[in-house]
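Here's the letter readout for the chains.
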Amino acid sequence: MQQMQMVPFGLMGFCIADAQANTKLFLRMVLWQILAMSRDFTNSLCATFPGAEVSDPWGGGHDAWKVGGKMFASIGAVQNGVSVKTATVETAEMLIAAGVGVRAPYFHRSWIHLPEGTAEAELRHRLTISYRLIRAGLSKKAQSALPPEV
């Protein structure tokens, strides 16, 4: 009978020298790193919008991204992912039914919550739409005080 060998393996410490076990452990580790970085990635995307500012209005580690004082994205302290505004309640319901997101807790029904691990293109698209909806809803005076959109 072949004896299993323990070998060093990155942050996880060790793994069994078995190809299938190595692959599963490696994939778990990569997924963990992707999920851990998505909050930073989401924050870096939001920071690229002209006039966007971040705050923690409720305390406890929330990241609320605002433009002109109005929120367009919220990253929760407990639930992983980001909540964004959609154009209508019907749009939000359609996206929820399609599996893009879930109902955003504590927000109006026109907001959806995108879970961590959402594809980069989808996340970028939803954040852009949310930002533009909120920016367009600002007064003309508030809009003119913001840097121009690129």
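Everything here concerns the structure above.
Below is a summary of the structure that appears in this document.

Cut-offs applied
- Residues numbered from 1 in each chain as written.
- Predicted model: local features only at pLDDT ≥ 70, side-chain atom pairs only at ≥ 80, totals over all residues.
- Heavy atoms only, no water.
- Pairing = 2+ DSSP bridges.
- Helix = DSSP H or I, 4+ residues; strand = E, 2+ residues; numbered from the N terminus.
- Contact = heavy atoms within 4.5 Å.
- Axes fitted to C-alpha atoms, helices over the stretch in contact; angles between N-to-C directions.

Focus: the pairing of strand E6 (residues 82-85)
Bridge analysis of strand E5 (residues 70-75) against E6 gives three bridges, and the strand direction is antiparallel. Within E6, the residue paired with Ile 75 across the bridge is Val 82. The antiparallel hairpin formed by E5 and E6 contains six residues in its connecting segment, where Gly 81 sits at a positive phi of about 125°. Of the pairings in the sheet, the one linking E6 to strand E8 (residues 111-114) comprises four bridges and is antiparallel in character. By the bridge assignment for E8, Val 82 is matched with Leu 114.

Quick notes on the sheet that holds E8
Working definition: the strands of a sheet are paired by backbone hydrogen bonds and lie parallel or antiparallel to each other. Strand order in the open sheet formed by six strands is E3-E4-E5-E6-E8-E7, and the pairing between neighbours is antiparallel. Bordering the open sheet on either side are strand E3 (52-55) and strand E7 (102-103), each of which pairs with just one other strand. Bridge count for strand E4 (residues 63-67) against E5 is five bridges, and the pairing is antiparallel. Within E5, the position partnered with Asp 63 by the bridge is Ile 75. Against the sheet, helix H2 (residues 89-97) touches E7 and E8, its axis set at about 25° to E8. Running over the sheet, helix H3 (residues 120-136) touches E4, E5, E6 and E8 and is turned about 45° from E6.

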